[in-house]
Amino acid sequence: MVFNTISLSDKDLVKEEPVFLVSSSNPKPVKTIFLSNIDQTVTFPVETVFFFEVSPSYSTLKIAELVKKAVEEVLLIPYYFMAGRLKLNDENKRLELLCNNAGVLFVSATSRLILKDLGNLSLPNQTFKHLIRRPGLYKSLAETAIFSIQAIPILNSYFILSIMSILKTFVYDFFWVILQVTRFECGGFSLGFMTNHAILDGKSASEMFHNLASICRGEGLKTSDVNNDRTCIRARTPPQINYPHNEYIKLAKTSFLASSFTSQTRISPSPLIFSENYVHKLISFTSKMLISLKEKATINCSTFEAIVAHLWRTRTKAVFEKKQSEDSTVLFAVDIRSKISPPLPEGFAGNAVITAFATAKALDLIEKPVSFAVKKVKEARERVTDDYVKSVIDWLEVYKGIPATCNGNFYVSAWWKLPFGELDFGFGKPIHGGPILSGNDEFVLLLSNGKNCERNEGINVWMALETHKMERFMSCFFEI
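Definitions and limits used
- Residues numbered from 1 in each chain as written.
- Predicted model: local features only at pLDDT ≥ 70, side-chain atom pairs only at ≥ 80, totals over all residues.
- Heavy atoms only, no water.
- Salt bridge = Lys/Arg side-chain N within 4 Å of Asp/Glu carboxyl O.
- Helix = DSSP H or I, 4+ residues; strand = E, 2+ residues; numbered from the N terminus.
- Buried < 20%, exposed > 50% of the residue type's maximum accessible area, 1.4 Å probe, protein only.
- pLDDT = per-residue confidence, 0-100.
- Contact = heavy atoms within 4.5 Å.
- Axes fitted to C-alpha atoms, helices over the stretch in contact; angles between N-to-C directions.
- Parallel < 35°, antiparallel > 145°, perpendicular 65-115°, else oblique.
- Nonpolar A, V, L, I, M, F, W, Y, C, P; charged D, E, K, R; others polar.
- Pairing = 2+ DSSP bridges.
- Left-handed = near helix turned anticlockwise from the far one by under 90°.
- Expected span 1.5 Å × (residues − 1).
- Phe/Tyr/Trp six-rings, centres within 6.5 Å; stacked < 30°, edge-to-face > 60°.

1. Things to note about the pattern of salt bridges
Then, number 1: Scanning all chains against the criterion turns up 16 salt bridges.
Then, number 2: Where Glu-305 meets Lys-378, a salt bridge forms, and the shortest distance between an N and an O atom there is 3.7 Å. Remark: Lys-378 occurs in helix α7 (residues 370-382) and Glu-305 occurs in helix α5 (residues 303-319); sequence separation between them is 73 residues. You'll find Glu-305 and Lys-378 in the same group, each marked buried.

In structure tokens form, the structure reads like this:
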């Protein structure tokens with residue numbers, strides 16, 4: 001099927017004035033929540049949008065009010081902290097979560113468009129940013145909501161609820177979570193989420209979204225056991241750094257710029273700002289390609305390890321073509337919930353992932369078979385033990401570092417492992433769900449390409465590179 005894709009603009013949407021939703025269970029007096037060293041390293045925005053098919057009999061008002069009521073009356077009881085604000089502690093220069101009940105931002109809007117106007121929903125489209133609310137930049141942290149909801153009704157029965165996760169490293173007028181509900185003229189809606197990675201990691205954000213969906217279905221909270229005490233992964237006294245942590249880089253001084261990790265040559269001040277110097281691609285690993293890739297690995301490996309190894313080799317060919325004597329590094333997240341002792345409490349809401357890394361000479365990656373890269377990736381994952389995790393936390397206490405996605409290195413995030421495709425707000429599962437295009441060239445996202453987000457028929461790779469590097473990458477990608 002051929003899709004006629006259009007570019008969305010503010011003229012295509014009519015948005016109501018935002019509403020602030022507060023928690024009825026906010027602690028009194030106001031309390032401040034400690035953010036772990038891991039939380040401090042991931043202060044960047046994550047935006048996701050989901051599209052649903054719904055009967056035209058559901059009105060725009062019903063859908064927007066359903067979501068608004070679910071958040072205000074139920075979700076914000078266990079998740080009261082999402083109505084708070086980030087605060088910089090002047091004494092220790094750390095971000096803290098101030099539970100002041102300043103409110104979650106909710107916005108309702110309508111659009112004149114139909115869903116097919118948006119074309120192939122799985123393709124990168126920077127104009128999907130209009131399906132969430134992005135408040136103005138350079139406001140104080142006290143004015144910045146960490147959870148905002150924007151409901152945009154459109155003339156059809158599709159709605160978009162955008163919840164965007166924004167992790168702040170500077171003073172931006174963004175809300176930690178934004179919900180936007182959009183109704184389309186054709187009979188469907190979309191749902192968009194905005195959250196802050198410093199507040200929730202992928203697993204805990206997914207759990208919050210599924211709680212919200214369950215409430216909207218009339219089934220109540222799936223779980224009310226939300227543990228927001230992050231002191232269980234506080235650094236040791238004194239710090240005990242037992243490994244060289246090349247996966248992080250030291251910061252000369254505390255930075256609060258809302259950017260992806262370490263793009264030190266980035267011109268724009270935010271990863272939310274799109275750069276025309278980069279080409280964004282959605283590339284698919286078919287099931288057949290994945291089988292072939294794992295066979296060529298020659299050693300037992302997971303699908304994730306095989307994909308990361310192949311992307312690492314191929315990207316190295318594109319980015320390190322003229323500097324093959326240098327080291328090339330790939331980074332990726334490892335969940336530590338099952339790695340550390342004692343284990344994290346059930347319902348832990350903070351970031352329970354650290355960065356793992358594999359490094360090799362660019363020339364070796366280029367000339368040696370994919371099995372060489374697979375072995376390196378497997379070693380990187382196996383390196384993450386209880387002792388290693390605690391060493392990372394202590395290293396971050398001393399050096400205030402962030403993941404080293406500089407100098408041509410990149411970070412792979414396995415979104416396909418998160419159950420976002422199972423979200424059901426009472427209207428069935430999404431026909432598509434994925435991130436909104438941003439300016440991050442050092443991030444590579446792995447997404448499910450199964451129909452209706454249900455069947456794992458392969459893996460989609462969403463990435464960005466400068467034009468000439470992308471041409472080189474594409475010329476090598478299918479060499480499996």
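2. Let's talk about the confidence of the model for the chain
Then, number 1: Here the chain shows a mean pLDDT of 83. Residues at 70 or above account for 81%.
Then, number 2: Residue range residues 253-270 is modelled with pLDDT below 50. Its contacts to residues more than four positions away, or to other chains, number 56 contacts.
Then, number 3: Within the model, pLDDT remains below 50 along residues 451-456, and this stretch shows 15 contacts once partners closer than five positions in the same chain are excluded.

3. Points about the packing of helix α4 (residues 287-296) against α5
Then, number 1: Close contact between α4 and α5 brings their axes to 10 Å; oriented N to C, the two are set at 85°. In terms of their interaxial angle, α4 and α5 are classed as roughly perpendicular. Of the residues in α5, those touching α4 at Leu-290, Leu-293 and Lys-294 are Thr-303, Ala-306, Ile-307 and His-310.
Then, number 2: Of the residues in the contact of α4 with α5, the class split is 4 nonpolar, 2 polar and 1 charged.

4. Structural notes on the pairing of strand β6 (residues 94-99)
Then, number 1: Of all the 6 residues making up β6, 5 are buried; the element is thus mostly covered by neighbouring parts of the structure.
Then, number 2: Two elements, strand β3 (residues 31-34) and β6, share 4 bridges in a ladder whose sense is antiparallel. The partner of Lys-31 across the bridge, within β6, is Cys-99.
Then, number 3: Summarising the sheet, strand β5 (residues 85-89) and β6 pair through 5 bridges and their orientation is antiparallel. Within β6, the residue paired with Asn-89 across the bridge is Arg-94.
Then, number 4: In textbook terms, the turn of a hairpin is the stretch between consecutive antiparallel strands, and for β5 and β6 this stretch comprises 4 residues, one of which, Lys-93, has a positive phi near 60°.

5. Description of the packing of α5 against helix α9 (residues 467-477)
Then, number 1: α9 packs onto α5 with a crossing angle of 135° between their chain directions and a minimal axis gap of 8 Å. With respect to α9, the element α5 is oriented oblique. In the crossing of α5 with α9, the sense of the turn from one axis to the other is right-handed. Contacts from His-310, Leu-311, Thr-314, Arg-315, Lys-317, Ala-318 and Val-319 in α5 reach Lys-469, Arg-472, Phe-473, Cys-476 and Phe-477 in α9.

6. Side note on the sheet that holds strand β20 (residues 458-466)
Then, number 1: Strand order in the open sheet made by the 6 strands is β13-β20-β19-β17-β14-β15, with mixed pairing throughout. Looking at the sheet topology across the chains shown, the edges are occupied by β13 (278-286) and β15 (353-361). This sheet shows a mean twist of 25° between the axes of neighbouring strands, independent of strand direction.
Then, number 2: On the sheet, α4 packs against β13 and β20 and is oriented at approximately 80° with respect to β13.
Then, number 3: Where α5 meets the sheet, its contacts fall on β13, β14 (327-335), β15, β17 (410-414), β19 (443-448) and β20, and the angle it forms with β14 comes to roughly 150°.

7. Some remarks on the environment of Lys-288
Then, number 1: Within the secondary structure, Lys-288 is located in helix α4.
Then, number 2: When the C-alpha atoms of Lys-288 and Gly-458 are compared, they prove to be 8.5 Å apart, with 170 residues separating the residues in sequence.

8. Focus: helix α8 (residues 386-399)
Turn by turn, an α-helix covers 3.6 residues, leaving residues three or four places apart pointing in a common direction.
Then, number 1: When the terminal C-alpha atoms of α8 are compared, their 20 Å separation across 14 residues agrees well with the 20 Å that a helix rising 1.5 Å per residue should span.
Then, number 2: Looking at α8, one finds that the buried residues are Tyr-388, Val-389, Ser-391, Val-392, Ile-393, Asp-394, Trp-395 and Leu-396.
Then, number 3: Looking one or two residues past α8, Lys-400 carries a phi angle of roughly 50°, positive in sign.

9. With respect to α7
Then, number 1: A rise of 1.5 Å per residue sets the reference length of α7, with its 13 residues, at 18 Å; its end C-alpha atoms lie 19 Å apart and thus fit the reference within 8%.
Then, number 2: The complete set of buried residues in α7 reads Val-370, Ser-371, Phe-372, Ala-373, Val-374, Val-377, Lys-378 and Ala-380.
Then, number 3: Those residues of α7 hidden inside the fold are in contact with α4, α5, β14, β15 and α6 (362-367).

10. Observations concerning the packing of aromatic side chains
Then, number 1: One pass over the structure, following the stated rule, counts 21 aromatic pairs.
Then, number 2: Note on Phe-193 and Phe-209: the rings are 3.9 Å apart at their centroids and 10° apart in plane angle, and the pair reads as stacked. With Phe-193 in strand β11 (residues 188-196) and Phe-209 in helix α3 (residues 202-216), the pair connects residues that are 16 residues apart, well separated along the chain.
Then, number 3: Phe-193 gets classed as buried once you look at its relative accessible area, which sits at 0%.
Then, number 4: With a centroid separation of 6.5 Å and 35° between ring planes, the pair formed by Phe-304 and Trp-416 is classed as tilted.

11. Points about the sheet that holds β6
Then, number 1: Across the sheet, 3 strands lie side by side as β3-β6-β5; this open sheet has antiparallel pairing. Among the strands making up the open sheet, the edge pair consists of β3 and β5. Looking at each pair of strands side by side, their axes are set apart by 40° on average, direction ignored.

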